[in-house]
Amino acid sequence: MTAATIPPATHTPFTNKLVTHTLGFPRIGQNRALKWALEDHWRGTSDRVALHETARQVRDDSRRWHREAGITRPACGDFTFYDGMADLCLLFGQAPQRFGDRPNDLDSLFALARGQQGEQGSLAPLAMTKWFDTNYHYLVPELDAARPFRLDAGRLLEEIKESLADDPSSKPVLIGPLTFLWLSGGASREERLTRAPELAHAYAALLSEITALGAEWVQLDEPILGLDLPADWLAAFEPVYHRVKTPGLRLMLASYFAPIDGRLSLLAGLPIDGLHVDASSGGELEAIADRLPAFKVLSAGVLDGRSIWRADLAALLDRLEPLHRRLGDRLWLAPSCSLLHLPLDAGEEAEADTALPPALVENLSFARQKLVELQLLARGLAEGRDAIAAEIEAATAARQRLAALPGRRDDARRERLSRSLDREPARRHAYPDRARAQQARLRLPAFPTTTIGSFPQTDEIRSTRRAHRRGEIDTNAYERAMRASIADTIAEQEALGLDVLVHGEPERNDMVEYFGQQLDGFAFTRAGWVQSYGSRCVKPPIIWGDVARARPLTVEWSRYAQSLTDRPVKGMLTGPVTMLSWSFVRDDLSREAVAYQLAAVLREEVADLCAAGIAAIQVDEPAFREGLPLRRAGWDGYLDWAVRAFRFATALAPTDVQIHTHMCYSEFNDIIAAIAALDADVITIETTRSNMKLLDAFAEFEYPNEIGPGVWDIHSPLIPSVAEMVDRLELALDKVPADRLWVNPDCGLKTRGWEEVRAGLRNLVAAAHELRERA
Ligand code: GLN
Ligand code: ZN
């Protein structure tokens, strides 16, 4: 199969009246054009005009693709030079005080996003955090009661004008007022809610200006409807939307990322003209059609805007046909959410000389392909299935070829996996017995010191990896260079006097990609980039087949590192949930089932590391918390399998092998029971910035195993002094018993330089010595 079997992104005759629309489109551009333009601009190697030209090109392309596909109401106003929340922050005059009185222009946006050199030193940028349960990061506005909302919408209005000139039925899309307030910082939740009337007023003023430009519809996104909202926030929707309502303009309210269950009567009664819901996970459309007043539009987000997989057109039409018969042209079709979370164009994979199997490539549907699929569905409804019989047939046949692709499923392996999972996976002995056995083997001092895994990824290391990838040096030369790096790193750690060493991860570019590249069932695209924040993009691997390991993944590196020293060297693995969360995952198996397959591979690796004489193994799970479903009702189900996968991966470690885990984020309160249920012997976490506050959850829960709260924030170039680290450890000692406290940095050291690393670790070891002497 070739590119021809991917729904072609070309014009199809458009005869139906069913409205199709989008909620947003990737804005990083073809070949990540905006990324390069931004970075050139920030470096000062290109001027503002060049940046604007690129941005204009990105928007033009997006409009052209919408038009070619036949989308009736393309989103507009969703373009941004950095982030949409930061844009709104400036649009409403909310630049934090430290930046002074800032107009809504690009300089201000980049200052808020990236920080700035001020007269009294550097001004911190806005904080960044994950957008709901996606891997996109938004900038968190800092509201200030003393700073009223003040409209400065020129930048946005220009863009909307540009789009309307091109296509008068374009639909401006904005983040809604309540979602903006909920996601902002700088004041308590209660305080922010009290500002809802004032903000609604500002939105009303904005919408009048947009109406004056000739827009017929505006969409306001309220994805917080997918969260467990307190009653007062839910109650705010009614008055806020009454105030926002604008004569002459029709309003679409959009919810996504989660079902709206329980909110239907609230939403059906709002003074809006249309309701968009995420229907990608099935259910609810009929119930909404039952309740929605007859003059309102129901926008069915039927194509999963975060799935890279080609749609099953026949199955979707089965679902939509009865609904279309009921609603007629009150039914609109859309992707479930903005297509921002997808790569731009799967066509590039087909054209490229990639190693991806054709049956995989033809089943990829990125942002451009979603537009075509959407329009096909609309035609299938409006003109009848026969009108798109060939496309339905092609989609079905493609999916069948994928299902039959060697590697897609290994029934014997699945059978074995389900049998071994049937027994509750647990280590043979409980933690207290393990701790004794591990102490007898490892002979660690009190307050043992360790690091999180990576050491500086020097230019030399990176260029050696690159040269090997390109075939410029052979595998022997590559391995020699990596071993030399490992030997250096071990020698450095011995000289510093660390207790539990690591090999330093020089062979890894990325903690998921490194494993994925060695595993069956993973594929890597050539150009599947997705914006993470600003100019940063990630290229997540695709898990398309049953995951299996042909040979050990890390054992030789670990064995070599251990051969160089008498001190224990930790094996270093990435956990099942993190591999899952940072990949695009197949849609014919549950996430749970895929997590177990990943865990099974790690289980084999753990057994091999133990057999090779490794006495400590770390299984990193930095994405453990971000896997939590948006609604609490889903938490127990998720935590149950996430914990089970970790335990399954680690249960074969003999009693005297110490299992570590590492998580770098800031909220343990809700999940502390699950963290304890992982039953790792040692957990290292990131605690410096919270000044050890994060340990409260562990203390209250009486967390039973060992903890290494980070005492050095490795994201900052500042090296804490011995005294500062000792202070932090003393705070920790109020919350963690002395015999279970470890001393380590917050996270891996790969982004730091050797000078800093030596200085930081020297202080860290000295801090541990000071505690030991006092004890
Ligand atoms: N072992 C990894 C490292 O040190 C952990 C990275 C992470 O927590 N994100 O780089
Ligand atoms: Zn970390």
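What you see is a predicted model, and the numbers here were worked out from it, not measured in a lab.

> Just give me the short version of the overall build of the protein, but keep the residues and values in it.
Secondary structure summary: the protein contains 29 helices and 22 strands in total. On C-alpha atoms alone, the protein measures out to a radius of gyration of 27 Å, which is about the 28 Å that the 2.2 N^0.38 rule sets for 775 residues. Taken across its 775 residues, the protein has 49% of its residues classed as buried. Across the protein, contacts joining residues at least 24 apart in sequence account for 78% of those joining residues at least 6 apart.

> Report on the sheet that holds strand β2 (residues 75-76), specifying residues and quantitative values.
Spatially, the eight strands line up as an open sheet ordered β1-β12-β11-β10-β9-β8-β7-β2, and their pairing is parallel. Looking along the sheet, the strands with just one partner apiece sit at the ends: β1 (19-20) and β2. Inspection of the sheet shows strand β7 (residues 171-175) paired to strand β8 (residues 217-221) by three bridges, in the parallel sense. What sits directly across from I175, in β8, is D221.

> If you had to explain the pairing of strand β22 (residues 706-709) to someone new, which residues and values would you point to?
Remember that side chains alternate between the two faces of the sheet whenever the strand is regular. Burial along β22 is two-sided: E706 and G708 facing one way and I707 and P709 facing the other are all buried. Here strand β21 (residues 682-685) runs beside β22; their pairing, made up of four bridges, is parallel. Of the residues in β22, the one forming a bridge with V682 is E706. In the classification by handedness, the crossover that spans β21, the intervening helix α27 (residues 695-701) and the parallel β22 is right-handed.

> Can you break down the nonpolar core residue by residue, with the values?
One finds A86, A300, A595, I617 and A645 to be the most contacted residues of the largest nonpolar core, which totals 214 residues. Residues within four places of I617 in sequence aside, it is in contact with K570, G571, L573, V606, L609, A653, V657, I659 and H660.

> Can you lay out the sheet that holds strand β17 (residues 570-574) for me, pointing to particular residues and giving the numbers?
Overall, parallel pairing links the five strands, which are arranged β17-β19-β20-β21-β22 in an open sheet. In the strand order of this sheet, the two ends are held by β17 and β22, each with one partner. Each neighbouring strand pair of the sheet contributes to a mean axis angle of 20°, computed without reference to strand direction.

> How would you explain the UniProt feature "binding site: 5-methyltetrahydropteroyltri-L-glutamate" (unreviewed entry) in the protein if you had to name every residue and give the values?
Mapped onto the present numbering, the UniProt feature "binding site: 5-methyltetrahydropteroyltri-L-glutamate" (unreviewed entry) falls at K35, K130, N135, R536, C537, W582 and E626. Spanning 592 residues, the named residues are also spread out in space, since their farthest C-alpha pair is 25.8 Å apart. By secondary structure assignment, the location of C537 is in strand β15 (residues 536-538). Given 17 C-beta atoms within a 10 Å radius, C537 is considered partly exposed. In contact with C537, not counting residues within four places along its chain, are I28, R32, K35, W529, V530, Q531 and S532. Residue position: W582 is located in the loop between α23 (576-581) and β18 (584-585). A residue is classified by how many C-beta atoms lie within 10 Å of it, and W582, with 20 of them, is buried. W582 has contacts with V512, P540 and A623, leaving out every residue within four places of it along the chain.

> Run through the environment of A593, naming residues and quoting values.
With respect to the helices, strands and loops of the structure, A593 is situated in helix α24 (residues 591-611). Along the chain, A593 and L374 lie 219 residues apart, while their C-alpha atoms are 29 Å from each other.

> I'd like to hear about the site of ligand 1, residue by residue, with values.
Taken together, 13 residues lie near ligand 1, and I452, G453, S454, P622 and G748 sit nearest. Of the residues contributing to the shell around ligand 1, the split by class is six nonpolar, four polar and three charged.

> Explain helix α15 (residues 367-382) residue by residue, including any values.
Given a rise of 1.5 Å per residue, 16 residues ought to cover 22 Å, and the 23 Å separating the end C-alpha atoms of α15 matches this to within 8%. A large share of α15 lies buried, amounting to 15 of its 16 residues. Two residues or fewer past α15, G384 is found with a positive phi of approximately 95°.

> Please provide a residue-by-residue account of the environment of L174, values included.
Take L174: it is sitting in strand β7. The buried category is assigned to L174, around which 23 C-beta atoms lie within 10 Å. Once the C-alpha coordinates of L174 and L23 are considered, the two residues, 151 residues apart in sequence, prove to be 9.4 Å apart.

> So what's going on with the packing of helix α8 (residues 196-212) against helix α9 (residues 231-244)? Residues and values would help.
Relative to each other, α8 and α9 sit at 30°, their axes nearing to 8 Å. The handedness of the crossing between α8 and α9 comes out as right-handed. Only A236, V240, R243 and V244 of α9 make contact with α8, whose side of the interface consists of A196, P197, A200, H201, Y203, A204 and L207. Its residues placed into classes, the contact of α8 with α9 shows nine nonpolar, one polar and one charged.

> Tell me about the confidence of the model for the protein, residues and numbers included.
Looking at the protein, pLDDT values average 95 and 98% of them are 70 or higher. Counted against residues more than four places away or in other chains, residues 1-16, with its pLDDT under 50, gives 38 contacts. Here the prediction assigns the complex a pTM of 0.95, and the interface score ipTM is 0.99.

> Got a sec to walk through unusual backbone geometry? Specific residues and values, please.
The phi dihedral of F132 is positive, around 50°, even though this residue is not glycine. Mapping F132 onto the fold places it in the loop between β5 (128-130) and β6 (137-139). A positive phi is found at F257, a non-glycine position, where the angle reads about 80°. Positionally, F257 belongs in the loop between β9 (250-254) and α10 (264-268). A tally of 24 C-beta atoms within 10 Å means that F257 is categorised as buried.

> Would you mind going over the environment of D656 in detail, with residue names and values included?
For D656, the position within the fold is in the loop between α25 (635-650) and β20 (658-663). Between the alpha carbons of D656 and L156 there is a distance of 61 Å; along the sequence they are 500 residues apart. With near-sequence residues (within four places) excluded, D656 lies in contact with A437, Q438, A440 and R441.

> Outline the packing of helix α20 (residues 475-496) against helix α22 (residues 555-563), listing residues and values.
Axis separation between α20 and α22 bottoms out at 10 Å; the angle between their running directions is 45°. It follows from the interaxial angle that α20 and α22 lie oblique. Classified by chirality, the crossing of α22 by α20 is right-handed. Contacts between α20 and α22 involve R483, I486 and I490 on the former and, on the latter, W557, Y560 and A561. Residue classes in the contact of α20 with α22 are distributed as five nonpolar, no polar and one charged.

Cut-offs applied
- Residues numbered from 1 in each chain as written.
- Chains lettered and ligands numbered in written order.
- Predicted model: local features only at pLDDT ≥ 70, side-chain atom pairs only at ≥ 80, totals over all residues.
- Helix = DSSP H or I, 4+ residues; strand = E, 2+ residues; numbered from the N terminus.
- Rg over C-alpha atoms; globule rule 2.2 N^0.38 Å.
- Buried ≥ 20, exposed ≤ 12 C-beta atoms within 10 Å, placed from the backbone.
- Contact = placed C-beta atoms within 7 Å.
- Pairing = 2+ DSSP bridges.
- Right-handed = clockwise from strand over helix to strand, strands pointing away.
- Core = buried A, V, L, I, M, F, W, Y, C linked by C-beta atoms within 7 Å.
- Axes fitted to C-alpha atoms, helices over the stretch in contact; angles between N-to-C directions.
- UniProt positions renumbered as here; feature names shortened; annotations may be inferred.
- Near = placed C-beta within 6 Å.
- Nonpolar A, V, L, I, M, F, W, Y, C, P; charged D, E, K, R; others polar.
- Expected span 1.5 Å × (residues − 1).
- Left-handed = near helix turned anticlockwise from the far one by under 90°.
- pLDDT = per-residue confidence, 0-100.
- Parallel < 35°, antiparallel > 145°, perpendicular 65-115°, else oblique.

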